[in-house]
Amino acid sequence: MQNIAAYLLLQIGGNASPSAADIAKLLATVGITADSARVDTLIAELESKSINELIAAGSAKLSSVPSGGAGGAAPAAAAAGAAPAAAEEKKEEKVEEKEESDDDMGFGLFD
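In this text, all values refer to a predicted model and were calculated from it rather than measured experimentally.

The rules behind these values
- Residues numbered from 1 in each chain as written.
- Predicted model: local features only at pLDDT ≥ 70, side-chain atom pairs only at ≥ 80, totals over all residues.
- Heavy atoms only, no water.
- Buried < 20%, exposed > 50% of the residue type's maximum accessible area, 1.4 Å probe, protein only.
- Helix = DSSP H or I, 4+ residues; strand = E, 2+ residues; numbered from the N terminus.
- Arc of directions from axis to C-beta.
- Contact = heavy atoms within 4.5 Å.
- Core = buried A, V, L, I, M, F, W, Y, C linked by side-chain atoms within 4.5 Å.
- Axes fitted to C-alpha atoms, helices over the stretch in contact; angles between N-to-C directions.
- Parallel < 35°, antiparallel > 145°, perpendicular 65-115°, else oblique.
- Left-handed = near helix turned anticlockwise from the far one by under 90°.
- pLDDT = per-residue confidence, 0-100.

J.: Give me the lowdown on helix α1 (residues 2–12), citing residues and values where you can.
T.: In an α-helix there are 3.6 residues to a turn, and that puts residues three or four apart on one side. Among the residues making up α1, those that are buried are Asn3, Ala6, Tyr7 and Leu10. Burial along α1 is one-sided: seen end-on, the buried residues are contained in an arc of 100°. For α1, the exposed residues lying more than 90 degrees away from the buried face are Leu9 and Ile12. If you follow the buried residues of α1, they end up packed against α2 (20–28), α3 (36–46) and α4 (51–63).

The following block contains the structure:
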């Protein structure tokens, strides 16, 4: 990921086709040693390809991936209805426990 990020940063900065040395130099500025094999593979894969077209193609592929938001809505709503009642009971128990702990001390701060 850091190699791809460095490649994209270099492109945004105006370098139309960053080299492996450019990527290594950029990563070195933040204390990261570039893996030359991975950088070379990245350069070979992206050579003569448009980053904008690759991003558009990737976005199209991701649009078909289900995000999973709609499947659990009904059970979650049913569980949410029961949760407030249980929360109220817990609050009452906590209040009682706090009062008991104050009585055990035998004195109050402002008495």
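Past the structure itself, the notes keep going.
J.: Lay out the environment of Ser19 with the relevant residues and their values.
T.: Note on placement: Ser19 falls in the loop between α1 and α2. For Ser19 and Tyr7, which are 12 residues apart along the polypeptide, the C-alpha to C-alpha distance reads 8.5 Å.

J.: Could you give an account of the nonpolar core, with specific residues and numbers?
T.: One recurring pattern in soluble globular proteins is that nonpolar side chains are buried together. If you look at the biggest cluster of nonpolar residues, it comprises 9 residues: Ala6, Tyr7, Leu10, Ile23, Leu27, Val39, Leu42, Leu46 and Ile51. Among the secondary structure elements, those contributing two or more residues to this core are α1, α2 and α3. Other than its neighbours up to four places away in sequence, Val39 contacts Asn3, Ala20, Ile23 and Ala34.

J.: So what's going on with the packing of α1 against α3? Which residues, and what values?
T.: It is the contact of α1 with α3, at a shortest axis distance of 10 Å, that shows an interaxial angle of 50°. Judged by the angle between their axes, α1 and α3 are oblique. In the crossing of α1 with α3, the sense of the turn from one axis to the other is right-handed. From α1, Asn3, Ile4 and Tyr7 reach across to α3, where they touch Arg38, Val39, Leu42, Ile43 and Leu46.

J.: Describe the confidence of the model for the protein, listing the residues and the values that go with them.
T.: Overall, the prediction assigns the protein a mean pLDDT of 78, with 62% of residues at 70 or greater. Mean pLDDT per element in the protein: helix α5 (residues 73–105) is the minimum at 56, and α2 is the maximum at 95.

J.: Quick one: what's the story with the side chain of Asn3, residue by residue and with numbers?
T.: Within the secondary structure, Asn3 is located in helix α1. With sequence-adjacent residues up to four places away left out, Asn3 is seen in contact with Ile23, Leu27, Arg38, Val39 and Leu42.

J.: Describe the environment of Gln2, naming the residues involved and giving the relevant values.
T.: Mapping Gln2 onto the fold places it in helix α1. Here the alpha-carbon distance between Gln2 and Val39, two residues 37 residues apart in the chain, equals 9.9 Å. Setting aside chain neighbours within four positions, we find Gln2 in contact with Leu27 and Ile32.

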